[in-house]
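# Topology and contacts: notes
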Amino acid sequence: MRTETTLPACKHASDAGDPLPGFAFDPSDPWTRTFQEGLEGAGLADRSVYEVGIGSGANIVHMLERCGAGRVTGSDLDPRLPLLAQRVVERDAPGLAHRFRPVPGAVSLIDTREAAAAMRGVDAVVACLPQVPDPLDTRCARFCAAYLGGAEEERCRVDDRIAHYYPWSHFDALPYNAVGLGLIEALLRQVRSCAPRARIVLNFGCRVGRETLSGIFRANGYRPTELVARVVRQSECTGIGFFAALEEASRGPGEEPGFVCEFYADPQGRSPLTAIEAKRILDADPAAPVYHEVCVVQGDPAE
Ligand SMILES: C[S@@+](CC[C@H](N)C(=O)[O-])C[C@H]1O[C@@H](n2cnc3c(N)ncnc32)[C@H](O)[C@@H]1O
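Residues numbered from 1 in each chain as written. Predicted model: local features only at pLDDT ≥ 70, side-chain atom pairs only at ≥ 80, totals over all residues. Heavy atoms only, no water.

This paragraph deals with the side chain of N203. Its place among the elements puts N203 in strand β6 (residues 199-205). Owing to a relative accessible area of 1%, N203 belongs among the buried residues under this scheme. From its side chain, N203 meets the backbone oxygen of W31 in a polar contact 2.9 Å long. For N203, the contacting residues outside a window of four places in its chain are W31, F35, A127, C128, Q131, V294, C295 and V296. (Helix = DSSP H or I, 4+ residues; strand = E, 2+ residues; numbered from the N terminus. Buried < 20%, exposed > 50% of the residue type's maximum accessible area, 1.4 Å probe, protein only. Polar contact = N/O pair within 3.5 Å; in protein donor to acceptor, adjacent residues only side chain to side chain. Contact = heavy atoms within 4.5 Å.)

Of all residues adjacent to the ligand, which total 19 residues, the nearest are E51, G53, D76, L109 and I162. T32 places a side-chain nitrogen or oxygen 3.0 Å from an oxygen atom of the ligand. Contact distances for the ligand include 2.5 Å between an oxygen atom and a side-chain N or O atom of D76. If the ligand stood free it would expose 600 Å²; the protein chains cover 96% of that surface. (Near = heavy atom within 4 Å. Areas by Shrake-Rupley, 256 points an atom, 1.4 Å probe, with all protein chains shown as cover.)

Applying the stated rule across the entire model yields 13 salt bridges. Between R139 and D172 there is a salt bridge, with the nearest N and O atoms lying 2.9 Å from each other. Of the two residues, R139 sits in helix α5 (residues 138-148) while D172 sits in the loop between α5 and α6 (182-194), which places them 33 residues apart along the sequence. The closest approach of N and O atoms between E226 and R210, which form a salt bridge, is 2.6 Å. Of this pair, E226 sits in strand β7 (residues 222-233) while R210 sits in helix α7 (residues 210-219), and the two are 16 residues apart along the sequence. (Salt bridge = Lys/Arg side-chain N within 4 Å of Asp/Glu carboxyl O.)

Another point: helix α9 (residues 275-284). Because an α-helix completes one turn every 3.6 residues, residues spaced three or four positions apart along the sequence face the same direction. Turning to α9, its buried residues are A275, I276, A278, K279 and L282. Here the buried residues of α9 occupy an arc of 160° about the axis, which is enough to place them on one side. Along α9, the residues that are exposed and aim more than 90 degrees away from the buried face are R280 and A284. (Arc of directions from axis to C-beta.)

This is a description of form; function is not addressed.
What follows is the structure, encoded as structure tokens:
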């Protein structure tokens, strides 16, 4: 397991003088670096790949240059990002830019006809999508208030909240939405129906634990393999009240612990914290170092 100790919380590419605007997910973020290491081991050479949630386009450049991907398509819920990604690919990998095709507009998962058509027949689908319900989602706000005695504190910048949160109530029909993986489960189902032979490579915050992450793959017809993992600092931009509420909500009748999340007090990941403990530390000092793992999991169609 690797460790990341130097995360400058809420750092954005534009803050560092990079021409990328602030709403683009920071390509130097340790989540992205972990994801890219995982992508290198995912067998993408000469393959056609679709990235759901392309962000700044940093992964597109990486997959073309470092992973030898044959062709890459991608889309994002933020309509500014396909255009930005195209500019970044043309700037950073000019000789390979003809192998990238962005799907324009705001596309949630592959919810448009153009996105679904572009995904059909690809060899691999990759994504790093939000795994924390939006504290402003009415149902999530009520859930947190019921179990934490108050609403979750808002931590996100307005212009990039969809990089951190997803609308919890939209995915209520999906079993793994209960642990904040509703958007991920919806993606697995869409890929299974649109590109049933595709390998899927996902970047996860392991706050809900490896067993749960393996479970969501198996429940949706995929064999999971972990490619890489690293301990990172909990981002100051993302609240963890949902996870603490989850632990409170799942306590047994005698107050015994039910579902327990995986946070750490140290960058080596040796001193475990529950979400309730981690939240207490962050409530006292939002800049306090609290850690969790990020891991990249590859899923191959089970049959
Ligand atoms: C955490 S960032 C990751 C960006 C990039 N894939 C990376 O790893 O550097 C999440 C990205 O997913 C996008 N996103 C959020 N919800 C989405 C959805 N429902 N469908 C597609 N993209 C979404 C965000 O706009 C953002 O670009």
